[in-house]
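Residue-level listing of the chains:
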Amino acid sequence: MKQKILSLIIIAIFGFAAKAQTIVDSGDGWSLNSEGLLTVTKNIESVSYTGQPWSSNKSSVKSVVITEGVTSIGKREFYGHSNLKSVTFSNTVEKIGEDSFYGCSSIENITLPSSLTSIGYQSFYNCSGLTSIDIPNSVTSIGTHAFHGCSRLASVTLPSGIKTIGSNLLSGCKNLTSIVIPEGVTTIGSGAFNGCINLESVTLPSSVNTLESAVFSGCCKLESVIIPDGVKSIGASMFSGCSGLKSITIPSTITSIGEKAFLGCSSLTGTIEIPYGVTSIGNDTFSGCSSLSEIILPNSITTIGNNVFRDCASITNFVIPNSVKEIGTYVFDGCSGLKSITISESIKSIGSYAFINCSGLTSVTIPVSVESIGDGAFSGCSSLSEIKL
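Residues numbered from 1 in each chain as written. Predicted model: local features only at pLDDT ≥ 70, side-chain atom pairs only at ≥ 80, totals over all residues. Heavy atoms only, no water.

Draft legend 1. Spotlight on the sheet that holds strand β7 (residues 95–96). Pairing within the open sheet is parallel, and its four strands lie in the order β5-β7-β9-β11. The two strands at the open ends of the sheet, each matched to only one other strand, are β5 (72–73) and β11 (141–142). The pairing of strand β9 (residues 118–119) with β11 spans two bridges and is parallel. By the bridge assignment for β11, S118 is matched with S141. (Pairing = 2+ DSSP bridges. Helix = DSSP H or I, 4+ residues; strand = E, 2+ residues; numbered from the N terminus.)

Encoded structure:
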């Protein structure tokens, strides 16, 4: 009996010893154990890309615990920790610094503390394993590129307290399917959702008044967008490459449309009416919108850029308003369905190859106001039988 008890005691002792976790490295405010658990007990100041205090054992770090009392995650504190899988924050953390978890490709889920108020520039950049993140409403500031390249991120909840969606915030998040922008956001930065190739729906609140360039560029599954009243500008390349976009609501408050804004939106159908007040349409704005049947320009337009309606093959009739003074180069290149074009008396110049390959065009009247016609303006118009001067 005594021998059995002794055996149990020995097993218990050795079993405990087998599970014991030993400290393999430590320093001021941190320790790393044999299981790859890094415990941080104080604020770590900004460090270089390879200058973490535990950098010699960086590849061994598998999990991190931030203890009570720590208020900030330092700049580049966990930069490039590619084997890090989990992070536990205390409810005293208020700030996550820039580049803090840059390239931590093994993190799949992360829970941010309710004490958090700011997330820094590129803080979770290229965390390619991250699948979901819920940002608490206590956060009022999120730096640009914060979740850029999180290619597996399928779900993200944005906090109600932010006013700005930073540039490239979720750029390259290929698994993201929907996003709701909270009411109160006024500005969406350039490239915020660029390359979110599976994004199908987006809700823009009435508070948004600024959309910068390329916000939804390359979102090829996005089907419909309503731009809220109050927005004054559609930035360059805003919907460039949105090949699945079928409808777009443009409010009357719009006064400018940037170049390539709808480049390659091949599924865009029906009629688009440009609001009065827009004075120019930039280069390639509607180039490649092959399913669009009609575009109505207001009398405020004075300039039509190059390649603006290139390959808009479904447009059959077009009226150039009296406010326009010149037609750029290749403006209607490849508009093979165009049968009728009304050129206003205000036009002074027609650019080179302006109507090249408009194979359906049968007759054109050139007004007396036209002073110059560029080379090859009507080249390839195989059905053109009459040009009236």
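Draft legend 2. Seen up close, the environment of S72. Looking at where S72 falls in the secondary structure, it is placed in strand β5. A relative accessible area of 19% places S72 in the buried class. The spacing of S72 and V331 is 259 residues in sequence and 54 Å in space, taken between C-alpha atoms. In this view, S72 contacts N43, E77 and K95; residues no more than four positions away in its chain are not counted. (Buried < 20%, exposed > 50% of the residue type's maximum accessible area, 1.4 Å probe, protein only. Contact = heavy atoms within 4.5 Å.)

Draft legend 3. Representation of the packing of aromatic side chains within the structure. Applying the stated criterion to the full structure yields 20 aromatic pairs. Ring centres of F239 and F262 lie 5.5 Å apart, and the angle between their planes is 15°; on these two criteria the pair is classed as stacked. Taken together, the residues F239 in the loop between β19 (233–234) and β20 (247–249) and F262 in the loop between β21 (256–257) and β22 (270–273) connect sequence positions 23 residues apart. For the pair F239 and F262, a shared accessibility class is recorded, and that class is buried. Relative to F318, the ring of F309 has its centre 4.8 Å away and its plane inclined at 55°; by these criteria the two rings are tilted. The buried category is assigned to F318, whose relative accessible area is 2%. Three or more aromatic residues joined by ring pairs make a cluster, and in this case those are F193, F216, F239, F262, F286, F309, F318, F332, F355 and F378. (Phe/Tyr/Trp six-rings, centres within 6.5 Å; stacked < 30°, edge-to-face > 60°.)

Draft legend 4. Structural view of unusual backbone geometry. Even without being a glycine, D99 presents a positive backbone phi close to 60°. Along the chain, the position of D99 falls in the loop between β7 and β8 (109–111). Owing to a relative accessible area of 3%, D99 belongs among the buried residues under this scheme. Even without a glycine there, the phi angle at Q122 is positive, about 55°. Positionally, Q122 belongs in the loop between β9 and β10 (132–134).

Draft legend 5. The arrangement of the sheet that holds strand β4 (residues 63–66) in detail. Overall, mixed pairing links the five strands, which are arranged β1-β2-β3-β4-β6 in an open sheet. Of all the strands in the sheet, just β1 (23–27) and β6 (86–88) have a single pairing partner and so form its edges. Each strand axis lies, on average, 15° off the axis of its neighbour in the sheet, ignoring direction. As defined by bridge partners, β1 adjoins strand β2 (residues 30–33) across four bridges and the pair is classed as antiparallel. Bridging from a neighbouring strand, D25 pairs with L32 of β2. (Axes fitted to C-alpha atoms, helices over the stretch in contact; angles between N-to-C directions.)

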